[in-house]
Amino acid sequence: MNVAARLASMEREVRHDTPVSEPPDVFIDHVTKVFDGAAGKVTALDKVSLSLRRGAFVAIIGPSGCGKSTLLRLAAGLEQADLGAAFIRGEDPVTFRARGELGIAFQDPALLSWRSVARNIALPLQVLGRSPRKHAADIRKLIDLVGLSGYQDALPGQLSGGMRQRVAIARALVTNPSVLLLDEPFGALDQILRRTMNVELERIWMHRRATTLLVTHGIDEAVFLADEVVVMQARPGRIAEIVPVPFPRPRDPSLMYTREFQDICARLSAGLYGESAG
Amino acid sequence: MTLRLLRSAAIAVAVLLVWEAVGHVPVQGVRVFPPPSAIFWQYVADHDLYLEHIAATVHTAALGFVFGNAAAILAAIAFCRFPVLERVFHGVNVTLFAVPMIVVGPVLVLVLDGGLPQIVLSALAVYFPSMAATLVGLRDVDLRVVDVIRSCGGGETAVLRFARLRGALPSLLAGLKIAASLSVLGAILGEFGSGERWGLGTFLLGSLGQANAARLWGISLAATGIAMAGYGILALIERRMLGATIPVTLAASRLPDHLARGSGLSLAASVGLSLLAIAMPFLLWAAILWVTGLNPIIAPGPVDTFNYLFAGPEAADARARLFDALASTLPMAFLGLLAGLIAAFVLAALSVLVPTLTKALMPAALMLQSTPLVALAPIVLLILGRDVAASLTLAILVVFFPAFVLLAQGFALVPRAALEVVEAYGGSQLKRLVLVSIPYSTRYLFAAAKLVAPRALLGVMVAEWLLTGTGLGNLLDISRASLDYGIIWSGAVASVLVAVAAYQLVSILERLTIR
């Protein structure tokens, strides 16, 4: 089968890319995940493999139900695979995340409504048993970094949607994570705010260089932010292709209007809609 | 703001004036509605009596409130942390929810001394609503927050500490408001059977025989006042504490709670747990008697009680007395439940057509649903006498208000878009009600039925105990007075079984009707 053949060659390619001396930061090894839905069993992921080298920014796009969020949750150890396994730096994600080097953010900011901005950002520190007071300076810097200076004592209910999402990003960064997992972090925002947040995220990422896996619906968002865009297909969830994004960093928003950018987006949408790329 | 205050004050004054005028007209030789001035002067005349009685009831209710809520909160945390515990204690929880509290009083008096029976009854009355509210609050955690906590290495303990406990606070406070008035109800019901010298329940019982309308109204108002004060204090605390913490999570993106799903148990384990849940109330009953080492004649266990009804020398006689009583109580409770529910549903539906109706009724309904229902008994006596109508009326009254509040809220939750679809095709308001609102809100009818069915039974039994001298309520009252231990225990158990069966029946009907 054409897709299977392409998949096999791609897997080989991915393995090949990874130097033997440096193991991948995030490694998803032939993972299969089946859900029991109301309409029978759904294969969310079918023998999917993916690896991220240290410091990579990889985006996953694909239609609803292609298993892209499940893939991210497997990498975070929030979901267990039926077959295969996920590793972060060679460890089980559940072991790895106990070190406090995993940052995560979702489409929903998932803030605690009774905690101020600063105390929401400090939550991971407290969970890890670290003193938020010792890290007060870091928290301050993070608040500045995500552009919320002066709002450290505000409650989530007093903030706009975009501001809340920035708090969630800051919270994901507070432990200075080496691996960052972002599941449609700007999915609930409007187009204008989303673009602003993309630019900010790129700036923050340049600052920290954490290995980042971003799940998104937005093709332009994926191309603007990532070094590599993974296109997934649904039923069963599989990787259809991986497209490298060669643009240098830091990237300016004007990049989005260039011919090269548009070409990559066009190629990705062709892949998404199941047409032959080329 | 000041204008609204002025208007409220004007309405209050007008009501009082009308009441005063009506109060001076005697009905059947008794002044059924004693004028406010008469009630006031009766308070002045009785003030030293009131102080003692109120102090005793407040003391009992406060202790019951504290102990009942402490148990409720600890139980909710345990149930949330270990869901299997909740399944094991399901039978106990349903029993405590459905039991007509008035039957527990005489049993407690046999087992405990002094002021303890009333305090325990008050605590028992408080337990279920607080436990349920706390558990809902603990469970209703944002699953994304759980994911965030787990992603930074936290376990279920961290989730409990950082998200669940504080997140449960609004729900807990809502439960405590209900608990405040229930603790007063429990205290008064306990006082009926305790034979204690002081307490509003004792005062009420002693005053029923006298034709002093002003005093009966006074006791009703005092009991209501205490319950409302408790409710009000907690509402104030609630406003202080929750001022700025509005949930900000997008509800639509929430996943179903992991805990609510089947925990992957085998069929055998599941059936075993269910059987254990059914046996648990009886096991607890036996265990408590075993630990306290009470005389089995005064405090028989489950087996003794079964034997009393089905094997002992007086078994046939005891069964006959019990069935007679049930045959008079149950139809009354059922009728009251039905009439109260229908009235509440019709009024809630009408309030969709006439929104001012909700506005007018809701504050009164909210207030009266948290009133200890026994406080209404003297007023019912004055108006309806000691007739069957009194039982029915009390049952309808205690059913109507909570059912109306729940159903009116249900009608308010009908999706706007569904209504607008009918409107877009030119459907009238009545069409919208018939096509959308009523079918949509039927589901709340079952929730309301489950909520108020035990109350209907309690309402009828209180009326029987205090007023009509018939049925199960009366049987328990006379057995209490004549120290007929077998009937006290078997009557209490029969009432509990009937109440639990009614609850299960509604649950099954609900599952069959709503998909």
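Since the model is a prediction, treat every value here as computed from it, not as a measurement.

### A look at the sheet that holds strand S4 (residues 83-88) of chain A
All names here are of chain A.
Okay, step 1: Reading across the sheet, the 3 strands line up as S2-S1-S4 and stay open at both edges, with antiparallel pairing between neighbours. In this open sheet, the two edge strands, each paired with only one partner strand, are strand S2 (40-52) and S4. The mean angle between the axes of side-by-side strands here comes to 30 degrees, regardless of whether they run parallel or antiparallel.

### What about the pairing of strand S9 (residues 238-244) of chain A?
Okay, step 1: In terms of residue burial, S9(A) counts as a mostly covered element, since 6 of its 7 residues are buried.
Okay, step 2: In textbook terms, the turn of a hairpin is the stretch between consecutive antiparallel strands, and for strand S8 (residues 228-233) of chain A and S9(A) this stretch comprises 4 residues, one of which, A:Arg235, has a positive phi near 50 degrees.

### Describing the confidence of the model for chain A
Okay, step 1: Per-residue pLDDT for chain A has a mean of 86; in total, 91% of the residues score no lower than 70.
Okay, step 2: Confidence drops under a pLDDT of 50 for residues 11-19 of chain A, and excluding neighbours within four residues, the segment shows 10 contacts in the predicted structure.

### Side note on the sheet that holds S9(A)
Residue and element names in this part refer to chain A.
Okay, step 1: Spatially, 6 strands are ordered S5-S6-S7-S3-S8-S9 in an open sheet, and the strand pairing comes out mixed. Two strands close off the open sheet at either side, each with one partner strand: strand S5 (102-105) and S9. With strand direction ignored, the average angle separating the axes of adjacent strands in the sheet is 15 degrees.
Okay, step 2: Judged from the 6 bridges that link them, S8 and S9 form a sheet pairing that is antiparallel. Bridge assignment links Gln 233 to a residue of S9, and that residue is Arg 238.

### Structural notes on the packing of aromatic side chains
Residues and elements named next belong to chain B.
Okay, step 1: Considering all chains together, one arrives at 15 aromatic pairs over all chains under this definition.
Okay, step 2: Plain terms: the ring middles of Tyr 43 and Tyr 50 are 4.7 Å apart, the flat faces sit at 55 degrees to each other, and that makes the pair tilted.
Okay, step 3: Residue classification places Tyr 43 among the partly exposed positions, given a relative accessible area of 24%.
Okay, step 4: Three or more aromatic residues link up through ring pairs in this structure, and these residues are Tyr 43, Tyr 50 and Phe 203.
Okay, step 5: Looking at Arg 197, its charged tip hangs above the ring of Trp 198, at a distance of 4.3 Å from the centre.

### Examining the interface of chain B and chain A
Okay, step 1: With 24 residues of chain B in contact, the opposing surface of chain A contributes 26 residues.
Okay, step 2: Carbon and sulfur atoms supply 67% of the area that chain B and chain A bury against each other, a total of about 2,400 Å² over both sides.
Okay, step 3: There are 1 salt bridge connecting chain B and chain A.
Okay, step 4: Salt-bridge contacts for B:Asp147 lead to A:Arg73; the nearest nitrogen and oxygen are separated by 2.6 Å.
Okay, step 5: If you tally residues by element for the side of chain B that touches chain A, the top one is helix H8 (residues 143-151) of chain B, at 7 residues.
Okay, step 6: Partitioning the side of chain B that touches chain A into residue classes produces 12 nonpolar, 7 polar and 5 charged.

### Concerning helix H2 (residues 68-75) of chain A
Okay, step 1: Summarising burial for H2(A): 7 of the 8 residues are buried, a large majority.
Okay, step 2: Phi turns positive one or two residues past the end of H2(A), at A:Gly77, with a value near 75 degrees.

### Side note on the environment of B:Leu472
Okay, step 1: Structurally, B:Leu472 can be placed in helix H21 (residues 471-481).
Okay, step 2: Assessed through its relative accessible area of 1%, B:Leu472 is described here as buried.

### Thoughts on the pairing of S8(A)
Okay, step 1: With 4 bridges joining them, strand S3 (residues 57-61) of chain A and S8(A) adopt parallel strand pairing. Along S8(A), the bridge assignment pairs A:Ile60 with A:Val230.

### As for the packing of helix H7 (residues 116-139) of chain B against helix H10 (residues 169-194) of chain B
Residues and elements named next belong to chain B.
Okay, step 1: Across the interface, H7 lies against H10 with an axial gap of 6 Å and an inter-helix angle of 160 degrees. Of the possible angle classes, the one that applies to H7 and H10 is roughly antiparallel. Regarding H7 and H10, the two cross each other, and that crossing is right-handed.
Okay, step 2: Split into classes, the residues belonging to the contact of H7 with H10 amount to 13 nonpolar, 11 polar and 1 charged.

### Things to note about the side chain of A:Arg166
Residues and elements named next belong to chain A.
Okay, step 1: With respect to the secondary-structure elements, Arg 166 resides in helix H6 (residues 161-173).
Okay, step 2: What makes Arg 166 buried here is its relative accessible area of 16%.
Okay, step 3: In terms of polar contacts, Arg 166 uses its side chain to reach the backbone carbonyl oxygen of Val 146, at 3.4 Å.
Okay, step 4: Other than its neighbours up to four places away in sequence, Arg 166 contacts Val 146, Gly 147, Leu 148, Met 197 and Glu 200.

Criteria and cut-off values
Residues numbered from 1 in each chain as written. Chains lettered and ligands numbered in written order. Predicted model: local features only at pLDDT ≥ 70, side-chain atom pairs only at ≥ 80, totals over all residues. Heavy atoms only, no water. Pairing = 2+ DSSP bridges. Helix = DSSP H or I, 4+ residues; strand = E, 2+ residues; numbered from the N terminus. Axes fitted to C-alpha atoms, helices over the stretch in contact; angles between N-to-C directions. Buried < 20%, exposed > 50% of the residue type's maximum accessible area, 1.4 Å probe, protein only. pLDDT = per-residue confidence, 0-100. Contact = heavy atoms within 4.5 Å. Phe/Tyr/Trp six-rings, centres within 6.5 Å; stacked < 30°, edge-to-face > 60°. Lys NZ or Arg CZ within 6 Å of the ring centre and 35° of its normal. Buried area = accessible area lost by both parts, 1.4 Å probe. Salt bridge = Lys/Arg side-chain N within 4 Å of Asp/Glu carboxyl O. Nonpolar A, V, L, I, M, F, W, Y, C, P; charged D, E, K, R; others polar. Parallel < 35°, antiparallel > 145°, perpendicular 65-115°, else oblique. Left-handed = near helix turned anticlockwise from the far one by under 90°. Polar contact = N/O pair within 3.5 Å; in protein donor to acceptor, adjacent residues only side chain to side chain.

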